[in-house]
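# Observations on the model geometry
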Amino acid sequence: MSFPITPEFITQLGSVVNSCILNPSLLYQPDYSFLKSLIEFYGGRIPEINQKSSNESPSKKPEDANASEEPEPEPEPESDIDLDMSGVIEPDEDTPQKMGNPTLQPTEEEIAESQAKRSEAVSAFIEKDYEKAIELYTEAIVLNPQASLLYAKRGQIFMLINKPNACIRDCNRALELNPDSAAAHKFRGRAYHLLGKFEEAATDLRLACKFDFDEQADEWLREVTPNARKIEEHKRKKERKIQEKLERERQERLRKARESAKAYEDNTRTSQTDHSGNTPGIGNFYQFLNDPDVLKAFQDPEIAEAFRDISSNPTNILKYQSSAKVMMFVNKMAAKFAGPSNMPDAFHGLMGGIPGFAMPRTSKPKPQDDVGLD
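If you're wondering where the values come from, they're calculated on a predicted model, not measured in any experiment.

So, on to the nonpolar core. Among the nonpolar cores identified, the biggest contains 37 residues, and Leu150, Met159, Cys167, Ala184 and Val224 are the most heavily contacted of them. By size, the runner-up hydrophobic cluster in this structure holds 15 residues, among which are Ala297, Ile310, Phe329 and Val330.

Now the structure itself:
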């Protein structure tokens, strides 16, 4: 298995390493476990992460921290919108009216009989016998349930006798059959007005005037428009406040994240520096990844695959003790980046008993002892 090393890969790897330096808690995530294993394998030290303390600035006083955790006071509730409620009535709660069989395809005889019932209903309507007109329209609908206008005209009567919900049910069915029915939009718009649903009323009445303008629909539209505009403006203000609050919260999260990253960077700069001024652990690991000898060695697929395998589990090095090439690479890296003085005991215990692994020397090796990576 090949392990391509390209400038783009090195750049991406460098970004990952920098992220881990600023936020070492990443190394405790499963996706970054191989980096953690590699750092510890070469003597690096991963700092313990205290989630609560890492999210707080060390310079912040306890009382300041408590103050920042207090929730922002909720905005005072907005005053009710000043709406003109004249004409609004209580909703009707009658049993839903008959709608006919929506799958029925009427015969010519049924259509003719339905038209006759409709004519009788119109006569009853003119005489203002609304109950009889509703009965006759219902009989016509049962005979021909595909006629959109029958539902709209029965809905008109329900509206006139102050049954807006029944009107809306009829107009809904009419619009299912014919979405461009001006009459259904007109009567449903008026029914919405009676229920105090001004936005819905304005929408329906605008469509009614668009499909077939008439003066009554336009008059009803003028009546509901002021209330509809007040409601629309109220909703825009409410949405704007919500967006402003979300933006403030986002900015606050970014600020805390920057403070946390800066605090950790300041802490690691002082607490993880040894007496010689060198930073062990992650810093050495970053140096290791940018070392020319390491990059050159990774051009060898066998070395690259062994590196990946050992990074996932350091004990896997036992599988490579018979490979002179891999052991020379490990030997060289241990001598170059660790050294006996700062290698952990676990590393000595793991590597000391493996044939072919020479522990790094404290004195300067002779030229013939320096093992190359080529």
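Geometry of a packed helix pair, given as the angle between the helix axes and the separation of the axes. It is the contact of helix 2 (residues 33-41) with helix 14 (residues 301-312), at a shortest axis distance of 7 Å, that shows an interaxial angle of 95°. It follows from the interaxial angle that helix 2 and helix 14 lie roughly perpendicular. Listed contacts from helix 14 to Phe34, Ser37, Leu38 and Phe41 of helix 2 are Phe307, Ile310, Ser311 and Ser312.

So, on to helix 10 (residues 198-211). Taking 1.5 Å as the rise per residue, helix 10 with 14 residues should run 20 Å; its terminal C-alpha atoms sit 20 Å apart, in good agreement. For helix 10, the full list of buried residues reads Phe198, Ala201, Ala202, Asp204, Leu205, Ala208 and Cys209.

What follows concerns a negative patch on the surface. A surface patch of like charges, here negative, comprises Glu127, Asp129, Glu131 and Glu135. Inspection of the secondary structure puts Glu127 in the loop between helix 5 (108-126) and helix 6 (130-143). Glu127 sits in the exposed class, given a relative accessible area of 63%.

With that settled, consider the side chain of Asp92. Relative to the elements of secondary structure, Asp92 occurs in the loop between helix 4 (62-69) and helix 5. Within the structure, Asp92 has its side chain in polar contact with the backbone nitrogen of Asn165 (distance 2.8 Å). Of the polar contacts made by the side chain of Asp92, one reaches the backbone nitrogen of Ala166; its length is 3.3 Å. Sequence-distant contacts of Asp92, defined by excluding residues within four places in its chain, comprise Asn162, Lys163, Pro164, Asn165 and Ala166.

Conventions adopted
- Sequence order as written defines the numbering, with residues in each chain counted from 1.
- Per-residue local features of the predicted model are confined to residues with pLDDT of at least 70, and side-chain atom pairs are confined, for both listing and counting, to 80 or more; whole-chain, interface and lining totals are unaffected and use all residues.
- Hydrogens are left out, water is left out, and the side-chain values use all remaining heavy atoms of the structure.
- For our purposes a nonpolar core is just a set of buried Ala, Val, Leu, Ile, Met, Phe, Trp, Tyr and Cys residues, chained together by side-chain atoms within 4.5 Å.
- Whether a residue is buried, partly exposed or exposed follows from its accessible area with a 1.4 Å probe, protein chains only, as a fraction of its type maximum: under 20%, in between, or over 50%, in that order.
- With axes taken as lines fitted to C-alpha atoms, and helix axes fitted only over the stretch in contact, angles between N-to-C directions fall between 0 and 180 degrees.
- Strands are runs of DSSP state E lasting at least 2 residues, helices are runs of H or I lasting at least 4, and numbering of each runs from the N terminus.
- Relative orientations are named as follows: roughly parallel for angles under 35 degrees, roughly antiparallel for angles over 145 degrees, roughly perpendicular for angles from 65 to 115 degrees, and oblique for any other angle.
- When checking whether two residues touch, look at their non-hydrogen atoms; a contact exists if any pair is within 4.5 Å.
- Working rule for helices: expected span equals 1.5 Å times residues minus one.
- In this analysis, a patch consists of residues with relative accessible area above 30% that form no salt bridge, clustered at 9 Å for like charges and at 5 Å for the nonpolar side chains Val, Leu, Ile, Met, Phe, Trp and Tyr.
- Computed by Shrake-Rupley with a 1.4 Å probe, the accessible areas treat only the displayed protein chains as cover when residues are assessed.
- Whenever Lys or Arg places a side-chain nitrogen within 4 Å of a carboxyl oxygen from Asp or Glu, that contact is recorded as a salt bridge.
- Charge counting treats Lys and Arg as positive and Asp and Glu as negative, with His and both chain ends excluded.
- Each charge is placed at NZ for Lys, CZ for Arg, CG for Asp and CD for Glu.
- Think of a polar contact as two N or O atoms within 3.5 Å of one another; within protein, one of them needs to be a possible hydrogen donor and the other a possible acceptor, and neighboring residues in sequence only count if both atoms come from side chains.

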